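# Descriptive analysis of the structure
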Amino acid sequence: MARLAGRRALFAVPVVLVVTFGVFAIAAASPFDPVKAYAGTAALGADQETLDRLRENLGVDESFVVRWWNWLTSALTGDLGHSGVMRQPVTQVIGERLVWSALLCAVAFAAAVVAGTVLGVLAARRPGSMLDRAVTSLAYTLEAAPVFWIALLAVWLFALQWDVLPAGGLTDTASERVTPGQVASHVALPAGVLAVSQLPWFTLYVRQGVGDALAEDPVRGARARGLGERTVLLGHALRSGLLPVLTLIGSRVPELITGALLVESVFSWPGIAAATVEAATAVDFPLLAALTTLATAAVLAGNLLADLLYGLFDPRVKLSDM
């Protein structure tokens, strides 16, 4: 396990270098002017000399290669730079928002895995039945639905029509404290929407995996020995059928991050979505590079986790061979 993690860590180094270099190159080619974004409306009445001086102070008059190298060498010492658009150190911007994005993604991912497993098992028990057709039809429908459309529909239904959940934010209006109860009620709707956007893949994978396992000889042998259907399903077919789902964990991380950005924007969730959008539109090089590196690290960590889980739960796979 340690050797696998070490090899993946070495592989991650060139990936992060290429990704961050690409971020600086794309940002340099962007039509947005970071100086005007930093100065705001004050830039409209400023003379060219003032703008040039501000450009020099922000360091955007240098080539993107120089800016990338300066940011990279500073990042290795723990200094991610200063965000011009947020007027804060990058580490502080990420630290204030990352915990809420992580909470949203964790709740949504757990809900999607549990609900997808239950629906997939129910559909796989009787292939071709009305329940199987209903579950698969729902999964394909949700798979085609954009996450922002689901979010807007959820706001209209649960917040406006039924008034059972808040429409957005982290706490109630005019609240001066962040309490666990308020966070729980406010995270329910965005986490539910994000979970629904991830639900089809887990449902379909579990349905296929458990359905194939029920047709295998060991499961037929268990039934022939007189074991109950519940024991056969949970003790044999489910354990074997969930193995393909482990590989799905890593591949869903990029989609989870993208969906979280859209969901956070719709529900005004105080995560990294707003920071990402502002960093991109304002060409905030340090913040944009740090957020992109964070997303890349999350994807690589998800792939590593999927491989580790597959190696631990499948006796046919050896971690030393991976």
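So, here is what we can say about the structure in this document.

Rules used throughout
- Throughout this document, residue positions are counted from 1 along each chain, in the order its sequence is written.
- Predicted model: local features are reported for residues with pLDDT of at least 70 only, side-chain atom pairs are reported and counted for 80 or more only, and whole-chain, interface and lining totals are derived from all residues.
- Just so you know, side-chain values use all the structure's heavy atoms and leave hydrogens and water out.
- In DSSP terms, a helix is any run of H or I states spanning at least four residues, a strand is any run of E spanning at least two, and both are numbered starting from the N terminus.
- Burial classification: accessible surface area is computed with a 1.4 Å probe over protein chains only, and a residue below 20% of its type maximum counts as buried, one above 50% as exposed, and the rest as partly exposed.
- Any two residues having at least one pair of non-hydrogen atoms within 4.5 Å are treated as being in contact.
- To obtain each axis, a line is fitted to C-alpha atoms, and for helices this fit is confined to the stretch in contact; angles are then taken between N-to-C directions over 0 to 180 degrees.
- Here roughly perpendicular refers to angles of 65 to 115 degrees, roughly parallel to angles under 35, roughly antiparallel to angles over 145, and oblique to all remaining angles.
- Should the near helix be turned counterclockwise from the far one by less than a right angle, the crossing is left-handed, whereas a clockwise turn marks it as right-handed.
- The nonpolar class holds Ala, Val, Leu, Ile, Met, Phe, Trp, Tyr, Cys and Pro. Asp, Glu, Lys and Arg form the charged class, and all remaining residues, Gly among them, are polar.

Backbone geometry at Arg 87 places phi at a positive 60 degrees, although glycine is not the residue there. By the element assignment, Arg 87 lies in the loop between strand S1 (82-83) and strand S2 (88-89). The backbone phi angle of Ser 268 is positive, close to 50 degrees, even though this residue is not glycine. Along the chain, Ser 268 falls in the loop between helix H11 (243-267) and helix H12 (273-281). You can call Ser 268 exposed: its relative accessible area is 53%.

Tracing the chain through its elements places Glu 143 in helix H6 (residues 130-144). The spatial distance from the C-alpha of Glu 143 to the C-alpha of Trp 201 is 7.6 Å, given a sequence separation of 58 residues. In contact with Glu 143, not counting residues within four places along its chain, are Pro 200, Trp 201 and Leu 204.

Attention now moves to the packing of helix H7 (residues 147-161) against H11. Between two packed helices, what matters for the description is the angle formed by their axes and the separation of those axes. Following both chains from N to C, one finds H7 and H11 inclined at 30 degrees, their axes separated by 9 Å at the closest point. Comparing the axis directions of H7 and H11 gives the class roughly parallel. Like other packed secondary-structure pairs, H7 and H11 cross with a definite hand, here right-handed. Counted together, Val 147, Ala 151, Leu 152 and Val 155 of H7 and Gly 259, Leu 262, Val 263, Val 266 and Phe 267 of H11 form the full contact between these two elements. Per-class residue counts for the contact of H7 with H11 are eight nonpolar, one polar and no charged.

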